[in-house]
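Structural overview for review
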Amino acid sequence: MTQPLTVSLHPQVKRYPERIVQFGGGNFLRAFVDWVVDVLNAETDFGGGIVIVKATPGVYDALDAQDCLFTTYLHGMQDGELVEETRLIGAVSRTVYPYQDFAAYLALARGAEIRFIFSNTTEAGLEFSPDDRLGDEPPATFPAKLTRFLYERYRHFGGTAESGCIIIPTELIIDNATRLRECILEYAALWELDAGFASWIEAHNVFCNTLVDRIVSGYPQADAPRLFARLGYEDRLLAAGELYHSWIIEADASLLREFPVDRARTPLNVRVVDDAAPYRTIKVRLLNGAHTAMVPLGILLGLESVREAVEHEALAPFIERLIFDEVIPSVTKVAPEELVAFANDVFDRFRNPHIHHRLLTIALNSSAKVRERILPSLLGYYDETGELPARLVLAFAAFIGLYRGEWRGEPIALNDDPEVLSWFKTRWAGAESVEELVSAVLRERALWDRDLSALPGLAPMISGYLRKIEAGELHALLQRASA
């Protein structure tokens, strides 16, 4: 019988000075940020322990019971082979609970060696609320909690340059650190804090916008018994995720002196860059774009998952040709070799047998996703070549077909803005011809922020594809487009 995971079972685990405050202790942070820090501790002179702060009421029972130890279980395709690896993470030293012990939270702010602040409090977490007050113990929102933390630090150390922090949020919104800093300055004004505090925030604290990517699926229920037998212990916090990871940190290159992700022996796909925008474009146009293109096509073919799509005899080569022959040529501000390498990683991720992404789940809010992920590539390709990208146009036509809301007499459980779904249902029901329907869709500025009917040749091409899809010729269309 295996034993529960504790420090007594692994006395070799090394603890490090507490240099990092992390808001949140969920699966993503543990299998992403904490994993990176653990690698740095083992392979460089970074030497940073993590204190996890629970940003919401409650406690991390399992984390405390396991002395803040946990295991990551990562898997993915590399060179056509499935690779699996486990790692015992010892980077977290303890937990702090502001709702139970606010004094301990403020004491943490006074820690002389604290230098980094990481967070992942969901996209909704980076919001300002005028209802938060300085005297709340603690304030409700994460930015207000962080403002109170930093203000305590500012007062304790007298606003010295050395007491500033490097703040690296990982919430999935554009310019996340910029938004977080704006919230902090709003609270400084609302609470009428010392004038020097805002100046200290601006001058001596570094806010790094980020772009993060790793699928973390959480506790691997089916694989747990096998893994426990191999590891020799039971871990209630075993966190499964894909081997692939990407962390783009927008900062001056001097950050690498303090956060040496470039010096680890383990290849870390963590980059410190001047501008994260091109990397965001790569992700949106290639990874997200591939998802959005395959969703309507896959659903209309009767497929259920991404993995089925990338193993399908007709759809798989079609999506690859769409990405390599149409999307990549439309992205002009990134080196082609970097785009090709990213695309190859994307398809390896899609083939990961441990990841089950349902197409209908990805189809959530597809109208907005087509606007943000497909149209920029379609229009960019046209601008570069003067021709319409046939595969992207076919994917657009399939989206219009999907938003009829039914296929072969069976309803499709679409999940989008009710007004958008109602609009498409009305157009499908009222159009006297495919051409009339397509014209109405392309002219709808509320959907696309422009009148797409003005693009030469687009309407007749979509209409032709849509007729063939309705006639049951989608499989043949995909095969011809991949030849």
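In this report, we go over the structure that sits alongside the text. (Residues numbered from 1 in each chain as written. Predicted model: local features only at pLDDT ≥ 70, side-chain atom pairs only at ≥ 80, totals over all residues. Heavy atoms only, no water.)

1. So, the packing of helix H10 (residues 277–300) against helix H16 (residues 390–402)
Threshold: Inter-axis angles, ranging from 0 to 180 degrees, are taken between N-to-C directions of lines fitted to C-alpha atoms, where helices are fitted over the stretch in contact. Strands here mean DSSP runs of E at least two residues long; helices mean DSSP runs of H or I at least four residues long; both are numbered from the N terminus. These descriptions rest on fixed angle ranges, namely under 35 degrees for roughly parallel, over 145 for roughly antiparallel, 65 to 115 for roughly perpendicular, and the rest for oblique. Note on convention: near helix rotated counterclockwise from far helix by under a right angle means a left-handed crossing. Clockwise means right-handed. Here a residue-residue contact requires only that any non-hydrogen atoms of the pair lie within 4.5 Å.
Packing of H10 against H16 brings their axes to within 8 Å, and their N-to-C directions diverge by 55 degrees. What the angle tells us is that H10 and H16 run oblique. At the point where H10 passes H16, the crossing takes the left-handed sense. Side by side, H10 and H16 meet where Ala293, Pro296, Leu297, Ile299 and Leu300 of the first sit next to Leu394, Ala395, Ala398, Phe399 and Leu402 of the second.

2. Focus: the nonpolar core
Heads up, the rule is: Side-chain atoms within 4.5 Å are what join buried Ala, Val, Leu, Ile, Met, Phe, Trp, Tyr and Cys residues into a set we call a nonpolar core. For each residue, the accessible area found with a 1.4 Å probe, counting protein chains only, is set against the maximum for its type, and the residue is called buried under 20%, exposed over 50%, and partly exposed in between.
Leu297 and Phe396 are the most contacted members of the largest nonpolar core, which has 75 residues in total. Those residues in contact with Phe396 that lie beyond four places of it in its chain are Val370, Leu375, Leu378, Leu442, Trp448, Leu452 and Ile462. Tyr60, Ala91, Phe259 and Leu268 belong to the second-largest nonpolar core, a separate cluster that totals 41 residues.

3. A look at the packing of helix H4 (residues 102–109) against helix H5 (residues 142–157)
Put simply, the rule is: Gly is placed with the polar residues, together with every amino acid not listed as nonpolar (Ala, Val, Leu, Ile, Met, Phe, Trp, Tyr, Cys and Pro) or charged (Asp, Glu, Lys and Arg).
One way to put it is that H4 packs onto H5 with a least axis distance of 8 Å and a crossing angle of 55 degrees. Taken as axis vectors, H4 and H5 run oblique relative to one another. Regarding H4 and H5, the two cross each other, and that crossing is right-handed. In this structure, H4 contributes Phe102, Tyr105, Leu106, Leu108 and Ala109 to the contact, and H5 contributes Lys145, Leu146, Arg148, Phe149, Glu152, Arg153 and Phe157. Here the contact of H4 with H5 is built from residues that sort into eight nonpolar, no polar and four charged.

4. Thoughts on the sheet that holds strand S10 (residues 209–213)
Strand pairing in a sheet takes place through backbone hydrogen bonds and is either antiparallel or parallel in direction. To be explicit about the condition: The criterion for strand pairing is that DSSP finds at least two bridges linking the strands in question.
The strand order across the open sheet built from three strands is S10-S14-S15, with neighbouring strands paired in mixed fashion. With one partner strand each, in any of the chains shown, S10 and strand S15 (270–273) form the two edges of the open sheet. Averaged over all neighbouring strand pairs, the angle between strand axes comes to 10 degrees, with direction disregarded. Sheet topology places strand S14 (residues 246–250) next to S15; four bridges connect them, and they run parallel. Counterpart to Ile248 in the pairing with S15 is Arg271. With respect to the sheet, H10 is in contact with S10, S14 and S15, its orientation differing from that of S10 by roughly 30 degrees.

5. Structural notes on the state of the cysteines
Heads up, the rule is: We call a pair of cysteine sulfur atoms a disulfide whenever their separation is within 2.5 Å.
Enumeration according to the criterion identifies zero disulfides in this entry. The thiol sulfur of Cys165 is not disulfide-bonded, and the nearest other cysteine sulfur, from Cys208, lies at 12 Å. Assessed through its relative accessible area of 0%, Cys165 is described here as buried. The cysteine Cys183 is free of any disulfide, with Cys208 supplying the nearest cysteine sulfur at 17 Å.

6. Considering the packing of aromatic side chains
Definition in use: Pairing of aromatic rings covers Phe, Tyr and the six-membered ring of Trp, with a centre-to-centre limit of 6.5 Å; geometry is then stacked below 30 degrees between planes, edge-to-face above 60, and tilted otherwise. Two limits define a charge over a ring: the Lys NZ or Arg CZ must be within 6 Å of the ring centre, and within 35 degrees of the ring normal.
A complete count under the given rule lists 31 aromatic pairs for this structure. Judged by centre distance (5.8 Å) and plane angle (85 degrees), the rings of Phe347 and Phe350 are edge-to-face. Separated by three residues within a single helix, Phe347 and Phe350 lie in helix H13 (residues 336–350), roughly one turn from each other. The same class applies to Phe347 and to Phe350, which are both buried. For Arg30, the ring lying beneath its charged end belongs to Phe70, and the centroid distance is 5.1 Å. Above the ring of Trp407, the side-chain terminus of Arg408 is found at 4.2 Å from the ring centroid.

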